[in-house]
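The chain contents come next:
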Amino acid sequence: MDKACRLPFLLLFAAAVLSSLAFAHLGVTKPWVQWQWTDILCEGGTAIMAACWMLLVLSSRPGGRVTALLASGLGLFALGAWVDCLDEFFKLDHAMHWDNWLEGGSTLGGVVVLTIGLYFWRDEQYSLNEQLLKRERLFREHRAFDRITQLANADYLHRQIALEQARSPDQPCGLILLDIDHFHAINREHGTDEGDRVLQALSHLLLLNLRNGDLLCRYAGDRFAVLLPQTSQAATKEMARQLRDAVGSLGHHTRLGEQRLCLSARVVCALADQSPEQLLQALNQALEPAAPAMAMPA
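Because the structure is a prediction, the values reported are computed rather than measured.

Caption draft 1: The arrangement of the overall build of the chain in detail. In terms of helices and strands, the chain carries 10 helices and 8 strands. The buried share of the chain, taken over its 298 residues, is 40%. Long-range pairs, those at least 24 residues apart, make up 72% of the contacts in the chain with a sequence separation of at least 6. With the model as given, the accessible surface of the chain reaches about 16500 Å², and the carbon-plus-sulfur share is 61%.

Caption draft 2: Examining the layout of surface pockets more closely. Put simply, the second largest pocket is a space of about 170 Å³. In terms of lining residues, the second largest pocket is bounded by F9, L12, F13, A16, A47, I48, A51, A78, L79 and W82. Contributions of two or more residues to the lining of the second largest pocket are made by α1 (3-26), α2 (37-60) and α3 (65-86). The element that contributes the greatest number of residues to the lining of the second largest pocket is α1, accounting for 4 residues. Its residues placed into classes, the lining of the second largest pocket shows 10 nonpolar, no polar and no charged.

Caption draft 3: Looking closely at helix α10 (residues 276-286). Along α10, the positions that sit buried rather than exposed are P276, L279, L280, L283, N284 and A286. End-on, the buried residues of α10 take up no more than an arc of 160 degrees, which puts them together on one face. Packed against the buried residues of α10 are α6 (154-167), β3 (173-180), β4 (215-220), β5 (223-229) and β8 (265-271).

Caption draft 4: Molecular detail of the pattern of salt bridges. Here the structure, examined in full by the defined rule, presents 9 salt bridges. As a salt-bridge pair, E124 and R61 come within 2.8 Å of each other at their nearest N and O atoms. Pair noted here: E124 is in helix α4 (residues 98-134) and R61 is in the loop between α2 and α3, with a separation of 63 residues, a long-range link. What makes E124 partly exposed here is its relative accessible area of 27%. Note that R266 is salt-bridged to D179, the shortest N-O span being 2.7 Å. Remark: D179 occurs in strand β3 and R266 occurs in strand β8; sequence separation between them is 87 residues. By sharing partners, the salt bridges in this structure join D179, D181, R223 and R266 into a single network.

Caption draft 5: Layout of the confidence of the model for the chain. Looking at the chain as a whole, its pLDDT mean stands at 85, while 89% of the residues score no less than 70. Long-range and interchain partners of residues 290-298, a stretch whose pLDDT sits below 50, account for 24 contacts in this model, where long-range means more than four residues apart.

Definitions and cut-offs
Position labels on residues start from 1 in each chain and follow its written sequence. Local features are withheld for residues below a pLDDT of 70 in this predicted model, meaning they are given only at 70 or higher, and side-chain atom pairs are given and counted only at 80 or more; totals for whole chains, interfaces and linings count all residues. Heavy atoms from the whole structure form the basis of all side-chain values; hydrogens and water molecules are not counted. For the purposes of this entry, the term helix denotes a DSSP run of H or I that reaches at least four residues, the term strand denotes a run of E that reaches at least two, and both are numbered from the N terminus. In this scheme, a residue with accessible area under 20% of its type's maximum is buried, one over 50% is exposed, and one in between is partly exposed, where area comes from a 1.4 Å probe on protein chains only. Any pair of residues with heavy atoms lying within 4.5 Å of one another is described as a contacting pair. Accessible areas in this description were obtained via Shrake-Rupley with a 1.4 Å probe; residue shielding takes into account the shown protein chains only. Cavity and pocket criteria rest on a 1 Å grid covering protein atoms alone: a 1.4 Å probe that fits but cannot get out defines a cavity, protein on both sides within 12 Å along at least 5 of 7 lines defines an open pocket, and an atom within 4 Å of a point defines a lining residue. Grid points are joined across faces, edges and corners, and a volume is the space filled by probe spheres set on the points. For this scheme, ten residues count as nonpolar: Ala, Val, Leu, Ile, Met, Phe, Trp, Tyr, Cys and Pro. Four count as charged, namely Asp, Glu, Lys and Arg, and the remainder, Gly too, count as polar. To be clear, the arc concerns the directions from the helix axis to the C-beta atoms. By definition, a salt bridge exists where a carboxyl oxygen of Asp or Glu is found within 4 Å of a side-chain nitrogen of Lys or Arg. For every residue, the predictor reports its confidence as pLDDT, a number between 0 and 100.

Okay, here's the thing in structure tokens:
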């Protein structure tokens, strides 16, 4: 168990021990013949399971508000169930009400905090689902994954261009190629591992700037392709400019944080009104270093 999980779990354990000591000190131990084993199993089992859920949340999620709320709610609920279980072993004076307040407050507080955590978890899932929708086409064919970026590859792009042309022959479909400037220098100066991190960061950045129905591919090396179904030529050019500006605004920090890499990109775009081979050949030629930053092949 790492440090991030250990502290909340130790706090729950300490609260359970202190409540047990309070019952033992202020109450009278019941004879074992008076123990209600069904209640002990149900209430004690509930406490143990809630504690296990808390441990699972802490060990499987990154730290943050949602994780803290979920773990705290489960911890309080586990404490309330444990105090309820202690009633089966110890008898307290009827004039004492602190045990009722501790049991009820912990249980109710745990449910309230857990509900708040689930509300924010729902918002978190909505954001994640948006990203998954943008990769939905790719998930249908796992063989088309690029190992580094988890994006589609060039072969998959060819098939999707042909599919869009056959599916909606009367609708315009845009295609963008984006090439990272001086990427080979990053690999040479910082190593290929750092270059892979740059590609991963760029893939996430580009996905955030695309619509759910768009397709982002790693075409080759440091070159990305974006397929834009039902998109006009003007809208395709505007999207190309936005993606180029997004790359230019990204400040990538190397793994050790000792240097900030400023990136830039060249983009070309066109409507997908030719065969995939002819279209991609024309765009690749337009991306040669001598070509202007924005180009629209005829």
